Amino acid sequence: MTILTHNEWLDSYILNKEFSLKAGISSNAYRYWKDGEAAKFDDARVVFLKKENILPKYQAIAQTCTNLAGMVQSQAFCKYTGLASSHLTQTNNSCVYHMLDIIEVCDVKFVNLKKFYDDLQLDYHYHIYIEKCKYFGPSPLEKKIKLSNGICVGYY
């Protein structure tokens, strides 16, 4: 089992839960595959399967699974950026929610981290964090992008 960093995109993975439901197999079947490769984010239970290591007889089913390119699990996004998970709920009316590309697959929520970087016009090597603007230092000391009147993205 590979442990993914909180900012590692799921470009080459599919959601195991979705795949096993579509294939009609046990969600633990991947454990018995020769050369099967699985991954999960640190402190998470959700398992992802590497697309290229899916057994040949299941490749057609794997192709029908949701494309997770640029995505990270919402839990990983929150840990990476320091954002409270309540901001990822539509009914909470957070300004951040409307700026993110959020999808849900089999009750697992994903955030498109790559698109967020692209929208902010930031290089992918920057580490980002989201918090109230009042907690940021003066501009030359801390780099920030204002998302709303109260929320900013810091990067370094």
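Residues numbered from 1 in each chain as written. Predicted model: local features only at pLDDT ≥ 70, side-chain atom pairs only at ≥ 80, totals over all residues. Heavy atoms only, no water.

Visitor: Give a description of the packing of aromatic side chains that names residues and reports values.
Guide: Enumeration according to the criterion identifies 11 aromatic pairs in this entry. Consider the rings of Phe19 and Trp33, whose centres lie 6.0 Å apart with planes at 85°: the pair is edge-to-face. Taken together, the residues Phe19 in helix H1 (residues 16–23) and Trp33 in the loop between H1 and strand S3 (38–41) connect sequence positions 14 residues apart. Seen in terms of ring centroids, Tyr126 and Tyr155 are 5.0 Å apart; in terms of plane orientation they differ by 75°. Their pairing is edge-to-face. You can see Tyr126 sitting in the loop between helix H4 (113–120) and strand S8 (128–132) and its partner Tyr155 sitting in strand S10 (residues 151–155), a full 29 residues away along the chain. A relative accessible area of 18% means that Tyr155 is categorised as buried. These aromatic residues form a ring-pair network of at least three members: Trp9, Tyr117 and Tyr124. (Phe/Tyr/Trp six-rings, centres within 6.5 Å; stacked < 30°, edge-to-face > 60°. Helix = DSSP H or I, 4+ residues; strand = E, 2+ residues; numbered from the N terminus. Buried < 20%, exposed > 50% of the residue type's maximum accessible area, 1.4 Å probe, protein only.)

Visitor: Go over the sheet that holds strand S6 (residues 102–105), please, and point to the residues and values.
Guide: Taken together, the three strands give an open sheet; going across it, the order is S5-S7-S6, and neighbouring strands pair in antiparallel fashion. Across the chains shown, the open sheet's two edge strands, defined by having one partner strand only, are strand S5 (71–73) and S6. On average, each strand axis in the sheet is tilted by 35° relative to the strand beside it, whichever way the strands run. The sheet contact formed by S5 and strand S7 (residues 108–112) spans three bridges and is antiparallel. Bridge pairing in S7 places Met71 opposite Asn112. Sitting on the sheet, helix H3 (residues 74–81) touches S5 and S7, and the angle it makes with S5 is about 90°. Seen against the sheet, H4 touches S5 and S7 and runs at an angle of roughly 30° to S7. (Pairing = 2+ DSSP bridges. Axes fitted to C-alpha atoms, helices over the stretch in contact; angles between N-to-C directions. Contact = heavy atoms within 4.5 Å.)

Visitor: So, the layout of surface pockets: which residues are in play, and what are the values?
Guide: The space that makes up the largest pocket amounts to roughly 200 Å³. Taken together, Asn16, Lys17, Ser27, Asn28, Tyr30, Arg31, Arg45, Val46, Val47 and Val108 form the lining of the largest pocket. When grouped by side-chain class, the residues that make up the lining of the largest pocket number four nonpolar, three polar and three charged. (1 Å grid on protein atoms, 1.4 Å probe; cavity = no way out; pocket = protein on both sides within 12 Å on 5 of 7 lines; lining within 4 Å. Points joined across faces, edges and corners; volume = space filled by probe spheres on them. Nonpolar A, V, L, I, M, F, W, Y, C, P; charged D, E, K, R; others polar.)

Visitor: Pulling in residues and values, what's your account of the sheet that holds S3?
Guide: What the four strands build is an open sheet, ordered S1-S3-S4-S2; its pairing is mixed. The open sheet has two edge strands, strand S1 (2–4) and strand S2 (13–15), and neither has a second partner. On average, each strand axis in the sheet is tilted by 35° relative to the strand beside it, whichever way the strands run. Summarising the sheet, S1 and S3 pair through three bridges and their orientation is parallel. When the sheet's bridge partners are listed, Leu4 is paired in S3 with Phe41. The strands touched by H1 within the sheet are S2 and strand S4 (48–50), with S2 carrying the most contacts at an inclination of about 70°.

Visitor: I'd like to hear about the state of the cysteines, residue by residue, with values.
Guide: Any covalent bond linking the sulfur atoms of two cysteines counts as a disulfide. Taken as a whole and assessed by the stated rule, the structure comprises one disulfide. No disulfide involves Cys65; its nearest neighbouring cysteine sulfur is the one of Cys106, lying 8.4 Å away. Accessibility expressed as a relative area gives 9% for Cys65, which makes it buried. Not part of a disulfide, Cys95 finds its nearest cysteine sulfur in Cys133, a span of 8.9 Å. Look at Cys95 and you get partly exposed, because its relative accessible area is 27%. (Disulfide = S-S within 2.5 Å.)

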